[in-house]
Amino acid sequence: MDTRLALFLQPAGRFDEAIDEFLWLLDRAKEWSEVMFGHQPVTVRKCQLAIRQARLHDKMRLACQRAKRFDLAERHRDMRERYDAEAERLRPIADRDHRARIDENLRRTKAA
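From a predicted model like this one, the values you see are computed outputs, not experimental measurements.

### Considering the overall build of the protein chain
Link 1 in the chain: Broken down by element type, the protein chain carries 5 helices and 0 strands.
Link 2 in the chain: The C-alpha atoms of the protein chain give 18 Å as radius of gyration, which overshoots the globular expectation for 112 residues (13 Å, by more than 25%).
Link 3 in the chain: Its C-alpha atoms give the protein chain principal-axis dimensions of roughly 60 × 25 × 15 Å.
Link 4 in the chain: A sequence separation of at least 24 residues applies to 59% of the contacts in the protein chain between residues at least 6 apart.
Link 5 in the chain: For the protein chain, the exposed area adds up to about 7,400 Å²; of that, 52% sits on carbon and sulfur atoms.
Link 6 in the chain: With 25 positive and 20 negative side-chain charges, the protein chain shows a spacing of 4 Å between the two charge centroids.

### Overview of the nonpolar core
Link 1 in the chain: Ranked by size, the top nonpolar core spans 12 residues in total: Ala-6, Phe-15, Ile-19, Phe-22, Leu-25, Leu-26, Leu-56, Met-60, Ala-63, Cys-64, Leu-72 and Ala-73.
Link 2 in the chain: Broken down by secondary-structure element, the contributors of at least two residues to this core are helix H2 (15–27), helix H4 (42–66) and helix H5 (70–111).
Link 3 in the chain: In terms of residue count, the dominant contributor to this core is H2 (5 residues).
Link 4 in the chain: Ignoring anything within four residues of it in the chain, the contact list for Leu-26 reads Gln-53, Leu-56, His-57 and Met-60.
Link 5 in the chain: Core analysis: the second largest hydrophobic core is formed by 8 residues, Phe-37, Ile-51, Ala-87 and Ala-94 among them.

### Structural notes on unusual backbone geometry
Link 1 in the chain: Backbone geometry places Lys-68, a non-glycine residue, at a positive phi of 60°.
Link 2 in the chain: Residue position: Lys-68 is located in the loop between H4 and H5.
Link 3 in the chain: The exposure class of Lys-68 is exposed, given its relative accessible area of 61%.

Conventions adopted
- Residues numbered from 1 in each chain as written.
- Predicted model: local features only at pLDDT ≥ 70, side-chain atom pairs only at ≥ 80, totals over all residues.
- Heavy atoms only, no water.
- Helix = DSSP H or I, 4+ residues; strand = E, 2+ residues; numbered from the N terminus.
- Rg over C-alpha atoms; globule rule 2.2 N^0.38 Å.
- Contact = heavy atoms within 4.5 Å.
- Areas by Shrake-Rupley, 256 points an atom, 1.4 Å probe, with all protein chains shown as cover.
- Lys, Arg positive; Asp, Glu negative; His and termini not counted.
- Charge placed at Lys NZ, Arg CZ, Asp CG, Glu CD.
- Core = buried A, V, L, I, M, F, W, Y, C linked by side-chain atoms within 4.5 Å.
- Buried < 20%, exposed > 50% of the residue type's maximum accessible area, 1.4 Å probe, protein only.

Okay, structure coming up:
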């Protein structure tokens, strides 16, 4: 996750540009999960997407706190908690699906 530009912009007094960069990253989070985990089961991709969204919202929360935008910081804290909960809900299902995929690949390899 490359949040360096957004994290650089905020303390440089360019808060609005930092938020725009974070929003750009959030808009592309699903694409990122498809590229990075496209070979994995859907549940793994969804879990990874929720983790990425939670991390991005947490970084946005920190940027908002530093800019003394506590109303926005609270909203991003709530979003982080929502995506953390989604990731925790999906994690056991994703782990099971991932393990099943590995087992299936091992069976096919042994059969060949």
